[in-house]
Amino acid sequence: MTSVLIQGGRIVTAVDDYQGDILIQDGRIEAIGRQLSVENAECHNAAGLLVLPGGIDAHVHMETPMGNDVYTCDTFETGTRSAAFGGTTTIIDFAQQFHNDSPKAALDRRLAAAEPQCCVDYAFHVILTDINPGSLAELPDLINQDGVSSFKLYMAYPGVLMVDDADIFRTMRRTGDHGGMVNLHAENGVVIQALIEEALEQGNTSPKYHQLTRPSLMEGEAAHRVIRIAELAEVPVYIVHLSAKEALEAVVEARDRGIHAFAETCPHYLFLDESEYDAPGFEAAKYVMTPPLRNHDCQHALWRGLQFDDLQLVATDHCPFCMNENPLGILKSKQFGRDNFNRIPNGAPGVELRLTLLYDGGVRAGRINLNRFVQLTATAPAKMFGLFPQKGTIAVGSDADLVLFDPNETHTLSASTHHSLVDYSLFEGREVTGKVKKVFLRGQCIVDGNEWLGRSGMGQYLPRSASGRVL
Ligand code: DUC
Ligand code: ZN
Ligand code: ZN
């Protein structure tokens, strides 16, 4: 395979920041130095650009059923291509066990769908919804043989996805013994269900009631409860899409006591707030994601959490549903909940925007430095989920997943220019500075400006080692 040389860029990792060249051979980083030269190499000039490790998005949902036959509208192909244009070269998606289903069968179904389509490398968390002696018995092999070291459980959506505290505890015990970690959707599902019923009985059906029936206090309660359960089980615990100040307080309190409590947040919680639910008509359905957008106090707390490492990483929870009905009819849209907020498919897009938003609103705004930016978008997810040092850094021997990023180019975010199939952007019209210029997946240039050079099926499955052990 041809050698690839990336010349004269500013190489940034979670700990370093220096000028240099990178030599790539057979998809891996072969050498890093000054004035490297190799005959017949494919050369890329990175002068004036940042050279970053490829982003790792630890929370996405491609072609995923979300109840009522409603699927997220990106396939593995379109979603991973969109990820690549945003500088993300690894995704971790989910394989969901249904009732009376085997977790291993759930993984196999997702592997079969992903393999011919993925344009970037991929891994899976397994979602457990039916916890019984049989499904628990499968978990050690999933961890040790199939490379799935993280398991998502829902504390919300009673009767559909929710599992009870005893099953959370049992799963923690079983996975923890083998280097696995439990990831929680932390919300008090039964209280929220009562609030939803109350709202609907009073005729309150508009999208704003999605936010009003999912109070941050109930996210805090669930986070606190599950951290205590993990403490008893003596295992690390990870909270997905943390949005509420009260939930962060539970994480901080535990971490201060030396408990291995970890959490991610998402760009929409950092850059948007609850005032979006005042949008006219059905427009507010764009922001119906779970948890909902919060107030400024929560936003402020989340930024502090990122600064002080009480939040370890930023993932998108890319879970796209179109606002308008898709002509094919199978991809039902947000319109499904036009008359009832509780039927609006829960989720919002974002896989393409994570790096640019966090660079613009984090680094340029002076909230985090460049090293922390890399830590949050690449290194921490790699370490948290057992992919480091193959992924998540720029080092000799690591996969040559690289992003050439122009820190000075200003552009406007819009659904008309993104690569996802979703028909809207949460950030329509927002001007940001910092743009992905080129993306390399294991040494192959897959994005060059607006040009797509990758192909579906070139992404590889990544079996992972232990989760939650390295940070
Ligand atoms: N949780 C997620 O992680 N994604 C979409 C909806 C939800 O409740
Ligand atoms: Zn969730
Ligand atoms: Zn999600």
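Shown above is the structure to which this text applies.
As a starting point, this report considers the structure included with it.

So, how was this worked out
Residues numbered from 1 in each chain as written. Chains lettered and ligands numbered in written order. Predicted model: local features only at pLDDT ≥ 70, side-chain atom pairs only at ≥ 80, totals over all residues. Heavy atoms only, no water. Disulfide = S-S within 2.5 Å. Buried < 20%, exposed > 50% of the residue type's maximum accessible area, 1.4 Å probe, protein only. Donors = N, O, S within 2.8 Å, 3.2 Å for Na, K, Ca; no water. Tetrahedral: all angles 85-135°; square planar, octahedral: opposite > 155°, others 65-115°. Helix = DSSP H or I, 4+ residues; strand = E, 2+ residues; numbered from the N terminus. Salt bridge = Lys/Arg side-chain N within 4 Å of Asp/Glu carboxyl O. Phe/Tyr/Trp six-rings, centres within 6.5 Å; stacked < 30°, edge-to-face > 60°. Lys NZ or Arg CZ within 6 Å of the ring centre and 35° of its normal.

A separate point is the state of the cysteines. Taken as a whole and assessed by the stated rule, the structure comprises zero disulfides. Free of any disulfide, Cys43 has its nearest neighbouring cysteine sulfur in Cys445, separated by 13 Å. In this structure Cys43 comes out as partly exposed when scored by relative accessible area, which is 44%. Looking at the unpaired Cys266, the closest cysteine sulfur is the one in Cys319, lying at 11 Å.

Moving on: the coordination of the zinc ion (ligand 2). Surrounding the zinc ion (ligand 2) are the protein donor atoms His185 (ND1) and His241 (NE2), at 2.1 Å. One way to put it: the four donor atoms around the zinc ion (ligand 2) meet at angles of 57 to 168°, and that makes the site irregular. In this model, the zinc ion (ligand 2) sits 4.4 Å from the zinc ion (ligand 3). One end of the pair, His185, is in strand β10 (residues 181–185); the other, His241, is in the loop between β11 (237–239) and α8 (245–256), with 56 residues separating them in the sequence. In terms of burial, His185 and His241 fall into one category: buried.

The next subject is the coordination of the zinc ion (ligand 3). Distances from the zinc ion (ligand 3) to its protein donors, His59 (NE2), His61 (NE2) and Asp317 (OD), fall within 1.9 to 2.1 Å. Mapped onto the polypeptide sequence, the residues donating to the zinc ion (ligand 3) form the spacing pattern H-x1-H-x255-D.

Going through the model one piece at a time under the given rule, you end up with 27 salt bridges. Here Arg109 and Asp101 are joined by a salt bridge, their closest N and O atoms 2.7 Å apart. Since its relative accessible area comes to 39%, Arg109 is described here as partly exposed. The exposure class of Asp101 is buried, given its relative accessible area of 16%. One salt bridge in this structure joins Arg225 and Asp165, with 2.8 Å as the shortest N-O distance. With Arg225 in helix α7 (residues 216–233) and Asp165 in helix α4 (residues 165–176), this pair connects stretches of sequence that are 60 residues apart. We classify Arg225 as partly exposed; its relative accessible area is 21%. Each of Arg28, Asp121, Lys391, Asp399, Asp401 and Arg442 takes part in one network of salt bridges that share partners.

Looking now at the packing of aromatic side chains. The full count for this structure, using the stated rule, is 11 aromatic pairs. Seen in terms of ring centroids, Phe76 and Phe124 are 6.1 Å apart; in terms of plane orientation they differ by 85°. Their pairing is edge-to-face. With Phe76 in helix α1 (residues 76–85) and Phe124 in strand β8 (residues 121–127), this pair connects stretches of sequence that are 48 residues apart. Here Phe76 falls in the buried class, since its relative accessible area comes to 0%. The ring of Trp303 carries the charged tip of Arg367 above its face, separated from the ring centre by 4.4 Å.

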